[in-house]
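Below, each chain spelled out in residue letters.
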Amino acid sequence: MTLAPDRGDDLAALDDATLERALLRMHLIRKFEETAEASYMRGLIHGTMHLSIGQEASAVGTALALAPDDYILSTHRGHGHCIAKGGDVARMLAEFFGKETGYCRGRGGSMHIADVEGGNLGANGIVAGGLPIAVGVGLSIRMQRLPRVCMVYFGDGATNEGAFHEALNMASIWSLPIVFVCENNHYGMSMDIAKAMAVENVADRAAAYAMPGVIVDGNDLPAVAAAAQRAVERARAGDGPTLLECKTYRIRGHSKSDRNLYRTKEEIEAWRSRDPIARFAGELLDAGRLDAAALARIEREAQAAIDAALEFAKSSPPPDPAHLTHDVYAA
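Note that the coordinates shown come from a computational prediction; the quantities given were computed from them, not determined experimentally.

What counts, and at which threshold
Residues numbered from 1 in each chain as written. Predicted model: local features only at pLDDT ≥ 70, side-chain atom pairs only at ≥ 80, totals over all residues. Heavy atoms only, no water. Phe/Tyr/Trp six-rings, centres within 6.5 Å; stacked < 30°, edge-to-face > 60°. Helix = DSSP H or I, 4+ residues; strand = E, 2+ residues; numbered from the N terminus. Buried < 20%, exposed > 50% of the residue type's maximum accessible area, 1.4 Å probe, protein only. Core = buried A, V, L, I, M, F, W, Y, C linked by side-chain atoms within 4.5 Å. Contact = heavy atoms within 4.5 Å. Salt bridge = Lys/Arg side-chain N within 4 Å of Asp/Glu carboxyl O.

Draft legend 1. Spatial organisation of the packing of aromatic side chains. Taken as a whole and judged by the stated rule, the model has 5 aromatic pairs. Seen in terms of ring centroids, F32 and F96 are 5.6 Å apart; in terms of plane orientation they differ by 85°. Their pairing is edge-to-face. Here the residue F32 occupies a position in helix α1 (residues 16-41), and F96 occupies one in helix α4 (residues 89-96), the gap between them amounting to 64 residues. The same class applies to F32 and to F96, which are both buried. Between Y187 and Y262, the ring centres sit 5.2 Å apart and the planes meet at 55°, which makes this aromatic pair tilted. Note that Y187 is positioned in strand β5 (residues 187-188) and Y262 in the loop between β8 (242-247) and α8 (265-272), a separation of 75 residues in sequence. These aromatic residues form a ring-pair network of at least three members: Y187, Y249, Y262 and W271.

Draft legend 2. Geometry of unusual backbone geometry. The residue R105 is not glycine, and still its phi comes out positive at about 55°. Within the secondary structure, R105 sits in the loop between α4 and α5 (130-144). Of note in the backbone geometry, A128 takes a positive phi value of approximately 70° without being a glycine. Along the chain, A128 turns up in the loop between α4 and α5.

Draft legend 3. Region of the structure containing the nonpolar core. Ranked by size, the top nonpolar core spans 64 residues in total, and within it F96, L221 and F280 carry the most contacts. Broken down by element, this core gets its largest block of residues, 9 residues, from helix α7 (residues 221-236). Excluding anything up to four places from it in sequence, F96 contacts F32, A36, I45, M49, H79, S110 and I113. Among the nonpolar cores identified, the runner-up in size contains 27 residues, and V135, M197, Y209 and L243 belong to it.

Draft legend 4. Geometry of the pattern of salt bridges. One pass over the full model with this rule turns up 18 salt bridges. Between E37 and R252 there is a salt bridge, and its shortest N-O distance comes to 3.0 Å. Residue E37 is located in helix α1, and its partner R252 is located in the loop between β8 and α8; the two are separated by 215 residues in the primary sequence. A relative accessible area of 26% places R252 in the partly exposed class. Across the salt bridge formed by R272 and E269, the nearest N and O atoms sit 3.1 Å from each other. Remark: E269 and R272 occur in helix α8; sequence separation between them is 3 residues, near one turn of the helix. By relative accessible area, R272 is classed as partly exposed at 38%. Residue classification places E269 among the partly exposed positions, given a relative accessible area of 44%. Within the structure, one salt-bridge network assembled from shared partners comprises E100, R105, R107 and D327.

As structure tokens, this is what we get:
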């Protein structure tokens, strides 16, 4: 296991256009999640959802290292990953609303949004469910001799599933071009990760599979981007997978049914003070990379995009019941 190197010039390594895009996507994720939550509370969305408020730097920072034709696989808490990979927030909200214009024509909903054309091979409602799929994707890349990488996201709770260990083992044996990104938000549903692992860090487990295990502050976007860039370059060069652990925190509960009885208000507020968006914006301002007017403009752009997406979702047609069995297959 290794700590990410001293961040030093991580911010300087990113050009202004990349920094603006990163901040815009962080705002888009936050505002998307807040809009989804508000829509749920108003009864416009049914079922449940898993929000990633507080984890924006982890999603955006890792995705910055990817090329447009690289792949990602996501989790039940995957809205941020889709947006970070360049997903259309209008089609995402339409999917949330169960509309025909959604990415999966309203059939997937919150936990199964996919944008195959954009390289997002789909979110997965099964804990650790994306990990074995990533091995298959990595093997496909390898066999086709493509210069691509697969990045798979999962939470700390997934690292106690057998699929995690099997996937890392096989990926290492075959030197597959995979970056395993653990978003360690400290809780597997309602259990503190410290009570569920015998080792201190998820990244410590990488040593058992002869791959680098890297820990990074998941709320520090430039540091996440730098660590992800190294992992992606290693995978693309044919040197095999990396386990990247982003230490972060979800401000909201596990899902909308979570009453948050297992953690204190003080703990939540302490992490809220480390908000990744405010932190990144402040850093850009202090470094003279963006001024206050630019920061305000970017946030307005994000809000306008979400407002338009919400109207698109609400006005889109529902699926035709006559097509209920379309795209349904049985072996």
